[in-house]
Every structure is written in structure tokens, then in C-alpha cells.
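Structural characterization, general
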Amino acid sequence: MAAETKEYKSYLANKCVIGYGIINGIVNAAIFFGMNASNPDVTFAAGKIIEEIVMTGALLGLILTWCVVPLTKMDLKKGVYKADADCNSIIAKLPGGTVTLSIPVGIIAALIAGALAWVFTLVLPLPLTRTSMMVFKGCMCAIVGLVSGFIVVTRTTIGFELEAK
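Attention here is on the structure that accompanies the text. Everything quoted here is computed from the prediction, not taken from an experiment.

So, the environment of Val135
Looking at the element boundaries, Val135 is found in helix α4 (residues 130-164). Separated by 113 residues in sequence, Val135 and Ile22 place their C-alpha atoms 12 Å apart.

Structure, rendered in C-alpha cells:
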């Protein structure tokens, strides 16, 4: 028996908050911890924090786009959710192809990550320890993943609607 078709906003919230946000944040925090496992005394000053988060944001935006576009198209073809994204939004003006969409999403992700990291370095007790940086990076990746996922799912849904007409 086929599952009931979800409303667009419900699908978007589930995918972006849980999958591209929370799970992505946990995975990135674990990767960071593994990469720094051999150096438990490492600390991170403001400049290093911002650099790390900006680079991760850019890569996250690119890679997430390459993964999310085909998954979203698959869900659209299966009728998992109703494709009723706002075709008049600013997101509709972004390029529709996977590679061409990944570039602005990577840039947007890097800018959001960098701006947030800079603001947080003004209030966090610095330098951050390895564990504090792991938690911070996980939270930042959750935010950036959520925003990137929202952009990609919305743009792919809009593109799919236009193809269907």
C-alpha cells in the first residue's frame, strides 16, 4: 500500500530540519572529532574557527546540492509530496541544474556560515577546545544544512513543476 502524499511544507520541514539539518550536524561533528582525535589538546582561536566553518559551509552547500537534487526528483516522481512551492520566490531565479545550482548554494552556505561564525566568536569563550569546536561545528552544519536543503528542495520542486507543464 502506497504512503499518503505529504503536504509540501511537511515534507520540507521533515527533510530540512531532520535530515539535512540535525543528522547532517551530527555527521559533521563526528567527522570533525575523528579528524582531530589524535590531538586532544588542540584549541581554536577566532580566525581558525571562522576559516573552518566557512570552508565547511561551502563544501556542505556543494555536496548537499549534488545529493539532494536527485533525491528530491525521485520523491517528486514517486508522488511523495505535493509540488506546490512558490514559483515567484527569489529561489525560483536560481539556476535549475544540479551543478549550476550547487555553485550559488555553496556560496550562500559559506556566507551564512561565515557570518554566523563571526558573530559567535564575539560571544563565545575563546579559544574553543576540541570538544567545544566539535559541538559548535555540528550546530553550524545543522543550520547551514537546513538552509541549503531548503533552497535545493524548493528550487528542484519549482523546476520539476515547470518541466511537468
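Next comes the rest of the account.
Thoughts on helix α2 (residues 46-78)
Every α-helical turn comprises 3.6 residues, leaving residues that sit three or four positions apart pointing alike. Helix length check: α2, at 33 residues, gives a terminal C-alpha distance of 46 Å against a target of 48 Å (1.5 Å per residue), a fit within 8%. Of all the bends in α2, the greatest measures close to 25° and is centred on Thr65. Among the residues trailing α2, Gly79 stands out with phi positive, at a value near 75°.

Thoughts on helix α1 (residues 8-35)
The end-to-end C-alpha distance of α1 is 37 Å, a good match for the 40 Å that 28 residues give at a rise of 1.5 Å each. Of the positions making up α1, those classed as buried are Tyr8, Tyr11, Leu12, Cys16, Tyr20, Gly21, Asn24, Gly25, Asn28, Ala29 and Phe32.

Section: the packing of aromatic side chains
Taken as a whole and judged by the stated rule, the model has four aromatic pairs. Geometrically, the ring pair formed by Tyr11 and Tyr81 is stacked, given 3.8 Å between the ring centres and 15° between the ring planes. Of this pair, Tyr11 sits in helix α1 while Tyr81 is found in the loop between α2 and α3 (98-123), placing the two residues 70 residues apart along the sequence. Comparing Tyr11 with Tyr81 shows no difference in burial state: the two are buried. Aromatic pair Phe120 and Phe136: ring centres 5.8 Å apart, planes at 80°, arrangement edge-to-face. Taken as a pair, Phe120 in helix α3 and Phe136 in helix α4 lie far apart in primary sequence, 16 residues in all. Taking the relative accessible area as the measure of exposure, Phe136 reaches 9% and is therefore buried.

Parameters at a glance
Residues numbered from 1 in each chain as written. Predicted model: local features only at pLDDT ≥ 70, side-chain atom pairs only at ≥ 80, totals over all residues. Heavy atoms only, no water. Helix = DSSP H or I, 4+ residues; strand = E, 2+ residues; numbered from the N terminus. Expected span 1.5 Å × (residues − 1). Bend = angle between axes of the 7 residues up to and from the residue. Buried < 20%, exposed > 50% of the residue type's maximum accessible area, 1.4 Å probe, protein only. Phe/Tyr/Trp six-rings, centres within 6.5 Å; stacked < 30°, edge-to-face > 60°.

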